[in-house]
Each structure stands twice: as structure tokens, then as C-alpha cells.
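Working through the structure, step by step
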Amino acid sequence: MVKEIWNEMNSLVTGILKGYDDLCLCGDGRNDSPGHSARYCVYTLMEHASKVVMDMAVVDKRETGGNSVVMEKEGLRRLLEKMASVLPFSELATDASSSIMKLVRDMKGMLILF
């Protein structure tokens, strides 16, 4: 039930935002515990002007080879791949992690940017 409502609302929001130019997506990850002992990371993408959460990805440390440092990067990668086919955007604001910056540079060719 919750997933159905989330998908319905997400479709409505995406449909509305497709009509706008210069969308800026903001993203950040949050781990379930500090440091290298984290097991889960939730990465969230929101649209800056409307403050609407576009999507979230939950990453388990086991999906990244047991490396909790890579979870945030993996969460963003999943969401960008999903957004690439759904919603074009012109800006992406994230933290200044060198691994995140490299990921965005590497994915730039596949992303639909204005």
C-alpha cells in the first residue's frame, strides 16, 4: 500500500517537473551509524526549488563488498541511472567527496542534462 502511494505521488511530481527548465537535484547519504561500522546507507535526491523528494535508495554494506565507505556512492549511482531515463536536470548538488565527483564525471555522458 505505501509503495503504491509512493509510486503514484512520484509519478505526479515527475510529470509536473518535466515541464520546468533548469532543475537542480540535491543529494546526500545518511548512514545508520557513524564511521566504518555502518551497515546501511539511505541516499536521498530532492529537487531544490520545490523541496520535493524525488527518490531514495537504500544500500546494504554487503552490496558493496563489505565496504561502508562506498555505500553513498552506490546510492547516488543507482538514483542517477534511474533519473537519466525519467527527468532531465541541469545541476546536481552533493557533498564534495572525491569519489562522488568522479562518479558524476564518469556518468556525465549518460545523463540527460539541459
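Residues numbered from 1 in each chain as written. Predicted model: local features only at pLDDT ≥ 70, side-chain atom pairs only at ≥ 80, totals over all residues. Heavy atoms only, no water.

**So, the packing of helix H2 (residues 71–84) against helix H3 (residues 98–107)**
Note the threshold: Axis definition: a line fitted to C-alpha atoms, limited for helices to the stretch in contact. Angles are taken between N-to-C directions and run from 0 to 180 degrees. Numbering of helices and strands runs from the N terminus, with a helix taken as a DSSP run of H or I at least four residues long and a strand as a DSSP run of E at least two residues long. Any angle from 65 to 115 degrees is called roughly perpendicular, while one under 35 is roughly parallel, one over 145 is roughly antiparallel, and all others are oblique. Helix crossings are classified by the rotation of the near helix relative to the far one: an anticlockwise turn of less than a right angle makes the crossing left-handed, while a clockwise turn makes it right-handed. Any two residues whose heavy atoms approach within 4.5 Å at even a single point are treated as in contact. All residues other than Ala, Val, Leu, Ile, Met, Phe, Trp, Tyr, Cys, Pro, Asp, Glu, Lys and Arg, Gly among them, are scored as polar; the first ten of these are nonpolar and the last four charged.
It is the contact of H2 with H3, at a shortest axis distance of 10 Å, that shows an interaxial angle of 25°. Our classification of the angle between H2 and H3 gives roughly parallel. Between H2 and H3 lies a crossing of right-handed hand. Across the interface between the two elements, Glu-72, Lys-73, Leu-76, Arg-77, Leu-80 and Glu-81 of H2 pack against Ser-99, Ile-100, Leu-103, Val-104 and Met-107 of H3. Of the residues in the contact of H2 with H3, the class split is six nonpolar, one polar and four charged.

**Focus on the sheet that holds strand E4 (residues 91–93)**
Rules: Should DSSP find at least two bridges between two strands, the strands are regarded as paired.
Pairing in this open sheet of four strands is mixed, and the strands run E3-E2-E1-E4 from one edge to the other. Whereas interior strands pair on both sides, the edge strands pair on one side only; in this sheet they are strand E3 (52–60) and E4. Direction aside, the axes of adjacent strands within the sheet are offset by 20° on average. Bridge analysis of strand E1 (residues 24–31) against strand E2 (residues 40–47) gives seven bridges, and the strand direction is antiparallel. Bridge pairing in E2 links Asn-31 to Cys-41.

**Description of the pairing of E1**
For E1 and E4, the ladder comprises three bridges, and the chain directions are parallel. Note that in E4 the partner of Leu-25 across the bridge is Leu-92.

**Concerning the confidence of the model for the protein chain**
As a reminder, the rule being used: You can read pLDDT as the predictor saying how much it trusts each residue, on a scale of 0 to 100.
Predicted confidence across the protein chain gives a mean pLDDT of 88, with 96% of residues reaching 70 or more. The element-level mean pLDDT for the protein chain is lowest in H3, coming to 88, with E2 highest at 95.

**Topic: helix H1 (residues 2–17)**
The cut-off we apply is this: Between the first and last residue of a helix there are one fewer steps than residues, each counted as 1.5 Å, and that sum is the expected span. With a 1.4 Å probe rolled over the protein chains alone, any residue whose accessible area is under 20% of its type maximum counts as buried; one over 50% counts as exposed, and the rest are partly exposed. It is the directions from the helix axis to the C-beta atoms that the arc portrays.
In a regular helix each residue adds 1.5 Å, so 16 residues correspond to 22 Å; H1 covers 22 Å between its end C-alpha atoms and thus fits that length. Within the sequence span of H1, burial applies to Asn-10, Val-13, Thr-14 and Leu-17. With its buried residues spanning 100° around the axis, H1 presents them on a single face. Away from its buried face by more than 90 degrees, H1 exposes Glu-4, Glu-8, Ser-11 and Ile-16. Turning to H1, the residues buried within the fold contact E2 and E3.

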